[in-house]
Amino acid sequence: MKKNVHLQKAVFMILRPHIIFLYFAIGLVVNVNAQNETDNSIEMTSELIQPPYLKVGDTVAIVAPSGILKNREREVQQAVDLLNSWGLHTIVGKHVFSKSDHFAGTDDERCEDLQNAMDDPKISAIWCARGGYGTVRILEKLDYTKFKDNPKWVIGYSDITALHNQVHNEGFQSLHALMCVSLTKDLSEIEYSIETFKSALFGNPTDYTLESSNYNRTGEASGPLVGGNLTMLHTMLGSKESIDTSGKILFIEEIGEYKYHIDRMLQSMKRAGYFDNCNGLIVGGMSKMRKNTTLWGTSVEQLILDALADYDFPIAFGMPAGHEKKNLAMTFGKKVELKVSEDKTLFSFKN
């Protein structure tokens, strides 16, 4: 018996260094894995920086990074008057009414106005006068160094989706809302859209209850809201401005496209993995759809459902945002909760 005890002690003394090493090695692996999980959690849950909400006395810059503003002076002045009525000051970019073929000035001129607004610490928001086409041409010219020191709200929709994408990937929230040319002579026609715009700008984003659609795919999801115009999201594929939709709620809208164009873009994005880890989809206006000589055969809603049939995330149709008069404001990069049931859709922003 004593011989066995001595033998056990001898074996333990021989193996002791190896046991201690193994113990610390296992602990190190566990700690590294735990740290990696923590780091991944931080990466997945970190929220975008929210620019300071506006208050009376702040300044808004109006710029035109896209299409030409021919005979649109009334709308821009109306935008200035609207902002002034909220107690805000306004600066209109030097080149807003410049003309260079299709665009509101040359690429350099449009970039100059936008860059000046981004760099100016006295400016609290940048309101894009119109969309059209052209923002993508100046993305590479923009410098976010000073913007990061004094972040501000970037506001617009349609072609401005390109800028929303870039702002998002730089780490900041932005505002999908009406633009200067969205203003009608009688503002009472778009009163609610203006109300949601002002509320979002001043720090009280509106929650929405949408009517049910027979095309809705029910379910619940949450995550930061991203997206914009479908053509622009498709255009960004493969670039550093393309958005990773993992864990996010995606919003899309479109105007003036053939249904087969919509399907082609969705199929292309699908093949690129755009929807693989998406948490949910909100579909806005699909406006002024063009008719092809060969009919598609289904509604655009069914087209979207068919294209995304491989995914199980909830899909809500009927968000009044996009190229219609009713264009409700949404804060991109802010966390939302989406609840799609058979009788209604609840879409709410979370602090």
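Please refer to the structure higher up on the page.
Let me sum up the structure you'll find in this document. (Residues numbered from 1 in each chain as written. Predicted model: local features only at pLDDT ≥ 70, side-chain atom pairs only at ≥ 80, totals over all residues. Heavy atoms only, no water.)

All right, on to the overall build of the chain then. Within the chain, the secondary structure is distributed over nine helices and 13 strands. Here the chain, with 351 residues, has 50% of them falling under the buried criterion. Of all intrachain contacts in the chain linking residues separated by at least 6 positions in sequence, the fraction that spans at least 24 positions is 79%. (Helix = DSSP H or I, 4+ residues; strand = E, 2+ residues; numbered from the N terminus. Buried < 20%, exposed > 50% of the residue type's maximum accessible area, 1.4 Å probe, protein only. Contact = heavy atoms within 4.5 Å.)

What follows concerns helix α2 (residues 73-85). With 13 residues, α2 should cover 18 Å at 1.5 Å per step; its first-to-last C-alpha distance of 18 Å lies within 8% of that length. Every buried residue of α2 is accounted for by Glu75, Val76, Gln78, Ala79, Val80, Leu82 and Leu83. Next to the buried residues of α2 lie β1 (59-63), β2 (89-92), β3 (123-128) and α6 (191-201). Gly87, located one to two residues past α2, shows a positive phi value of around 85 degrees. (Expected span 1.5 Å × (residues − 1).)

All right, on to the sheet that holds strand β11 (residues 330-332) then. Spatial ordering of the open sheet is given by β2-β1-β3-β4-β5-β11, a layout of six strands whose pairing is mixed. Single-partner strands in this sheet number two, and they are β2 and β11. Going across the sheet, the axis of each strand differs from the next one's by a mean of 25 degrees, ignoring polarity. Of the pairings in the sheet, the one linking β3 to strand β4 (residues 153-156) comprises three bridges and is parallel in character. In the strand pairing of β4, Trp127 is matched with Ile155. Against the sheet, α2 engages β1, β2 and β3, with an angle of about 155 degrees to β2. (Pairing = 2+ DSSP bridges. Axes fitted to C-alpha atoms, helices over the stretch in contact; angles between N-to-C directions.)

On to the packing of aromatic side chains. Under the criterion given, the structure shown has 14 aromatic pairs. Consider the rings of Trp86 and Phe197, whose centres lie 5.7 Å apart with planes at 65 degrees: the pair is edge-to-face. Taken together, the residues Trp86 in the loop between α2 and β2 and Phe197 in helix α6 connect sequence positions 111 residues apart. Among the residues examined, Phe197 registers a relative accessible area of 0% and is labelled buried. Between Trp127 and Phe197, the aromatic rings sit 5.0 Å apart at their centres with planes inclined by 45 degrees, giving tilted as the arrangement. (Phe/Tyr/Trp six-rings, centres within 6.5 Å; stacked < 30°, edge-to-face > 60°.)

With that settled, consider the sheet that holds strand β8 (residues 249-255). Strand order in the open sheet made by the seven strands is β6-β13-β12-β7-β8-β9-β10, with mixed pairing throughout. Each edge of the open sheet carries a strand with a single partner, namely β6 (208-211) and β10 (315-317). Neighbour to neighbour, the strand axes of the sheet diverge by 30 degrees on average, direction disregarded. Bridge analysis of β8 against strand β9 (residues 280-287) gives six bridges, and the strand direction is parallel. In the strand pairing of β9, Ile255 is matched with Ser287.

Right, let's talk about the state of the cysteines for a bit. One pass over the full model with this rule turns up zero disulfides. Among the cysteines around Cys128, which has no disulfide bond, Cys180 carries the closest sulfur, lying 8.5 Å off. Residue classification places Cys128 among the buried residues on the basis of a relative accessible area of 0%. (Disulfide = S-S within 2.5 Å.)

The full count for this structure, using the stated rule, is one cavity of 30 Å³ or more. Counted as a void, the largest cavity has a volume near 30 Å³. Around the largest cavity sit His164, Asn165, His168, Ser174, Leu225, Val226, Gly227, Ile243, Phe332 and Gly333, which together line it. At the level of secondary structure, the elements contributing two or more residues to the lining of the largest cavity comprise α5 (161-169) and β7 (219-229). Among the residues making up the lining of the largest cavity, the classes are represented as four nonpolar, six polar and no charged. (1 Å grid on protein atoms, 1.4 Å probe; cavity = no way out; pocket = protein on both sides within 12 Å on 5 of 7 lines; lining within 4 Å. Points joined across faces, edges and corners; volume = space filled by probe spheres on them. Nonpolar A, V, L, I, M, F, W, Y, C, P; charged D, E, K, R; others polar.)

What you see with strand β12 (residues 335-340) is a clean split: Val336, Leu338 and Val340 sit on the buried side and Lys335, Glu337 and Lys339 on the side with no burial. Bridging between β7 and β12 involves six bridges; their strand directions are antiparallel. Of the residues in β12, the one forming a bridge with Pro224 is Lys335. Where β12 lies against strand β13 (residues 344-349), five bridges are found, and the strand directions are antiparallel. In the strand pairing of β13, Lys339 is matched with Leu346.

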